[in-house]
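Structure assessment
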Amino acid sequence: MAVQRTFSIIKPDATKRNLTGKVNAMIEDAGLRIVGQRRVQLSEDQAKKFYEVHAERPFYGDLVKFMTSGPVVVQVLEGENAIAKYREVMGATNPAEADAGTIRAAFAESIDANTVHGSDAPETAAEEIAQFFTDADIVG
Ligand code: GDP
């Protein structure tokens, strides 16, 4: 499997509880490298655009409100099979269903305050990275 890049967000529930370092430790312990990283406050427009795919879902409004409720840390992660590997490290969307040892099992508070986002496919990874990073921001 080739080296890939994926896009990650450490969500407001985690930055609020000062968990950025603990989440990053789990990412690095899994063998992924953090090759780009920035702490930002998402605007409502940015959050809406990022989650556009969920625009028709009943939880879209709450999701946008949550993602703009505090700072987030946007990241580019690199490694062998990084997209699937990070999804494994994150655990299931609903923390009640997340396997032990995953970030969401360890830290997530609820299905929306679920600590991290990770891209689900190569195309979305490329699009999501481009929303927040230029090539010069990423140092592998
Ligand atoms: P992910 O790829 O595991 O983050 O999950 P999805 O792409 O399906 O959903 C995006 C985000 O929307 C999730 O991480 C949750 O924060 C939120 N979300 C998904 N499903 C639900 C739901 O049924 N209820 C609520 N409140 N939020 C949800």
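Everything discussed here concerns the structure shown above.
As a starting point, this report considers the structure included with it. Small disclaimer: the values here were computed from a predicted structure and weren't measured.

Taken together, Lys-11, Tyr-51, His-54, Phe-59, Leu-63, Arg-87, Thr-93, Arg-104, Ile-111, Asp-112 and Asn-114 make up all the residues around the ligand. Within the side chain of His-54, one N or O atom sits 3.2 Å away from an oxygen atom of the ligand. Between Thr-93 and the ligand, the recorded distance is 2.6 Å, taken from a side-chain N or O atom to an oxygen atom. Look at the ligand: alone it shows 560 Å² of surface, and the protein chains cover 77% of it. Of the residues belonging to the shell around the ligand, the class tally is four nonpolar, three polar and four charged.

Moving on to the layout of surface pockets. By volume, the largest pocket is sized at about 650 Å³. Lining the largest pocket are 25 residues, with Tyr-51, Val-53, His-54, Leu-63 and His-117 positioned closest to its centre. Listing elements by their share of the lining of the largest pocket, those giving two or more residues are α3 (44-50), α4 (60-67), β4 (116-118) and α7 (122-132). For the lining of the largest pocket, the leading source of residues is α7, giving four residues. When the residues that make up the lining of the largest pocket are grouped by side-chain class, the tally is seven nonpolar, eight polar and ten charged.

Here a ring pair, both rings aromatic, is described through the centre-centre distance and the interplanar angle of the planes. What the rule picks out here adds up to five aromatic pairs. Ring plane angle 70° and centroid distance 6.5 Å describe the contact between Phe-7 and Phe-133, whose orientation is recorded as edge-to-face. Within this pair, whereas Phe-7 is found in strand β1 (residues 3-10), its partner Phe-133 is found in the segment after α7, the two being separated by 126 residues in sequence. Owing to a relative accessible area of 0%, Phe-7 belongs among the buried residues under this scheme.

Conventions adopted
- Residues numbered from 1 in each chain as written.
- Predicted model: local features only at pLDDT ≥ 70, side-chain atom pairs only at ≥ 80, totals over all residues.
- Heavy atoms only, no water.
- Near = heavy atom within 4 Å.
- Polar contact = N/O pair within 3.5 Å; in protein donor to acceptor, adjacent residues only side chain to side chain.
- Areas by Shrake-Rupley, 256 points an atom, 1.4 Å probe, with all protein chains shown as cover.
- Nonpolar A, V, L, I, M, F, W, Y, C, P; charged D, E, K, R; others polar.
- 1 Å grid on protein atoms, 1.4 Å probe; cavity = no way out; pocket = protein on both sides within 12 Å on 5 of 7 lines; lining within 4 Å.
- Points joined across faces, edges and corners; volume = space filled by probe spheres on them.
- Helix = DSSP H or I, 4+ residues; strand = E, 2+ residues; numbered from the N terminus.
- Phe/Tyr/Trp six-rings, centres within 6.5 Å; stacked < 30°, edge-to-face > 60°.
- Buried < 20%, exposed > 50% of the residue type's maximum accessible area, 1.4 Å probe, protein only.

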